[in-house]
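A look at the structure
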Amino acid sequence: MPSSPPLPHRAAAPAPQDTVRPVAIVSLLVCALMLVWFVGQTALMWPLSTTAAWQTLVTLAADNDLPASLQWMLRHPVLTSGLLAAACVPSLLASWGLYRVRRWGLWSFVVLLVVSGLANLLFAGWVDAVLADLIGRIHEADLHDRLQAQRLILALTLYGGSLAVLVLQLWYAWRLLRPDVRARFRAGGPADATGPAVQ
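The residue count restarts for each chain, going from 1 along the sequence in the order it is written. It should be noted that, the model being predicted, local features are given only for residues of pLDDT at least 70 and side-chain atom pairs only at 80 or more, the latter also being counted only at that level, while totals for whole chains, interfaces and linings use all residues. Excluded from the side-chain calculation are hydrogens and water; included are all heavy atoms of the structure.

Right, let's talk about the packing of aromatic side chains for a bit. The pairing test for Phe, Tyr and Trp rings, Trp by its six-membered ring, is centres within 6.5 Å, and the orientation test on the planes gives stacked under 30 degrees, edge-to-face over 60, and tilted for anything in between. Applying the stated rule across the entire model yields three aromatic pairs. Measuring from ring centre to ring centre gives 5.9 Å for Trp-96 and Tyr-99, while their planes differ by 35°; the resulting arrangement is tilted. With Trp-96 and Tyr-99 both in helix H4 (residues 77-99) and three residues apart, this pair spans about one turn of that helix. The buried label applies to any residue whose accessible area, calculated with a 1.4 Å probe on protein chains only, is under 20% of its type's maximum; exposed applies above 50%, and partly exposed to all values in between. The partly exposed category is assigned to Tyr-99, whose relative accessible area is 25%. Ring geometry for Trp-171 and Tyr-172: centres 6.3 Å apart, planes at 50°, overall tilted. Here Trp-171 falls in the partly exposed class, since its relative accessible area comes to 43%. Counting as a charge over the ring demands two things of the Lys NZ or Arg CZ atom: a distance within 6 Å of the ring centre and an angle within 35 degrees of the ring normal. Directly above the ring of Tyr-99 sits Arg-21, whose terminal nitrogen or CZ lies 4.9 Å from the centroid. Runs of H or I in DSSP of at least four residues are treated as helices and runs of E of at least two as strands, each being numbered from the N terminus.

Shown next, in the form of structure tokens:
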């Protein structure tokens, strides 16, 4: 009997796109740039904070009874910049751990997503409170009303953007905690990162 022709091999389905590594790389780069920025800002503020012009600014802020948080940052610019730089270090480590497919990197990155999302909302509230305080000092009715309207628009933009970012980050944190994704991080190393990808 004549042999039947061989059946063509079915092409293998393409592997799902892995978004964990790209997200980790982007986060790693952003955190590194922010760390370099705030370290440079700390170095710049060190000599600047001792100048007469800066001390005059601190005195004016105190004389005009500006918000206490703003006065504290003006009195301690080096410490403020240093704290911002230090806050970038956990984010940098979490991003590195996620990139290296470490279990601690997964959980720390999830915490980072939640904490940074909530921090954005707190920052929006702080900016709005400072602007409300400054605008409340203006006695000219027309100027006060115009600035108040602009503050409300800015507040809606800040709160809306921060809330949208929070929802997006919570959604991605939930995606990272799916059982199939967590299984990739159990062994704790890149060589074991062969499981399903986050889509």
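After presenting the structure, the write-up continues.
So, on to unusual backbone geometry. Positive phi values are uncommon outside glycine, yet Asp-65 reaches one of about 55°. You can see Asp-65 is positioned in the loop between helix H2 (52-63) and helix H3 (68-75). You can call Asp-65 exposed: its relative accessible area is 54%. Despite not being glycine, Val-101 has its phi angle at roughly 60°, a positive value. Judged by its relative accessible area of 2%, Val-101 falls in the buried class.

This part is about a nonpolar patch on the surface. To count toward a patch, a residue needs a relative accessible area above 30% and no salt bridge. Like charges then connect within 9 Å, nonpolar side chains (Val, Leu, Ile, Met, Phe, Trp, Tyr) within 5 Å. Areas reported as accessible are Shrake-Rupley estimates using a 1.4 Å probe. Residue values count occlusion only from the protein chains shown. We count a salt bridge whenever a side-chain nitrogen from Lys or Arg sits within 4 Å of a carboxyl oxygen from Asp or Glu. On the surface, Val-89, Leu-93, Trp-96 and Trp-104 cluster together into a nonpolar patch covering about 410 Å² of accessible area. In terms of residues, the nonpolar patch owes the most to one element, H4, which gives three residues.

Next up on the list: the layout of surface pockets. Put plainly, a pocket is an open set of points on a 1 Å grid over the protein atoms alone with protein on both sides within 12 Å along at least five of seven lines, a cavity is a set where a 1.4 Å probe fits but cannot get out, and a lining residue has an atom within 4 Å of a point. Grid points are joined across faces, edges and corners, and a volume is the space filled by probe spheres set on the points. Size it by volume and the largest pocket reaches roughly 1,200 Å³. If you trace the largest pocket, you find 31 residues lining it, with Met-34, Ser-91, Ser-116, Ala-119 and Asn-120 closest to the centre. Of all the secondary structure elements, the ones that give two or more residues to the lining of the largest pocket are helix H1 (20-48), H3, H4, helix H5 (103-135) and helix H6 (141-176). Broken down by element, the lining of the largest pocket gets its largest block of residues, 10 residues, from H5.

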